[in-house]
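A structural walkthrough
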Amino acid sequence: MAPSDPTQTPLGMLALRTIAMPADANANGDIFGGWVLGQMDLAGSVAAGQRARSRIATVAVEAMTFHKPINIGDLVTGYATVAKTGRTSIHIHVVIVATRRLTHEEVRVTEGTFIYVAIDDEGKPRPVPPA
Ligand SMILES: CC(C)(COP(=O)(O)OP(=O)(O)OC[C@H]1O[C@@H](n2cnc3c(N)ncnc32)[C@H](O)[C@@H]1OP(=O)(O)O)[C@@H](O)C(=O)NCCC(=O)NCCS
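Residues numbered from 1 in each chain as written. Predicted model: local features only at pLDDT ≥ 70, side-chain atom pairs only at ≥ 80, totals over all residues. Heavy atoms only, no water.

As for its placement among the helices and strands, Thr65 is situated in strand β2 (residues 55-66). Considered as a pair, Thr65 and Gly112 are 47 residues apart in the sequence and their alpha carbons are 6.2 Å apart. Residues contacting Thr65, with those up to four places away along its chain left out, are Val109, Thr110 and Glu111. (Helix = DSSP H or I, 4+ residues; strand = E, 2+ residues; numbered from the N terminus. Contact = heavy atoms within 4.5 Å.)

Reading across from one edge, β1-β3-β4-β5-β2 is the order of the five strands in this open sheet, with antiparallel pairing throughout. This sheet does not close on itself; its edge strands, each paired only once, are β1 (13-19) and β2. On average, each strand axis in the sheet is inclined to that of its neighbour by 25°, with strand direction left out of account. One ladder, built from six bridges, connects β1 with strand β3 (residues 75-85); its direction is antiparallel. Bridged to Met13 within β3 is Ala80. Strand contacts of helix α1 (residues 33-52): β1, β2, β3, β4 (89-99) and β5 (106-119), with the helix running at about 50° to β5, the strand carrying the most contacts. (Pairing = 2+ DSSP bridges. Axes fitted to C-alpha atoms, helices over the stretch in contact; angles between N-to-C directions.)

Next comes the structure, spelled out in structure tokens:
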């Protein structure tokens, strides 16, 4: 799958696919931003969990941009890339591509950086293992 603008940064690993449903829409009939954020957090958590090889917790979200709306019925695909790691933190860049229901046009709709912390069984930060 290619982004609508091929000059943009790579999409990353496929981390999530779902369909935007009427219950996820706001009063304008577009998909609610909070729902999109939740899907992005799920997509990012897949990559962060694989990198951490442990439990993780979302600690912050940075640089969120909603480029275009998601419509009811769009196929919503989440891609995730490990942007950087710290001692206990993992920064994941998440891109959402919407495939329009009737035209099948692929549109890069949203992106942002989700920061996760590797945690132990007590919920305390633990070091990220070597890659
Ligand atoms: C995640 C959590 C365990 C971290 O505990 P903490 O005591 O704040 O840990 P620290 O201060 O040592 O920070 C841990 C790492 O997160 C980073 N971090 C913490 N707050 C951050 C922020 N606002 N933005 C960016 N990075 C942040 C720190 O820089 C550190 O990174 P490093 O080890 O790579 O240098 C704790 O904050 C927590 O439980 N938060 C709630 C998580 C949650 O409920 N998320 C939603 C559901 S998953």
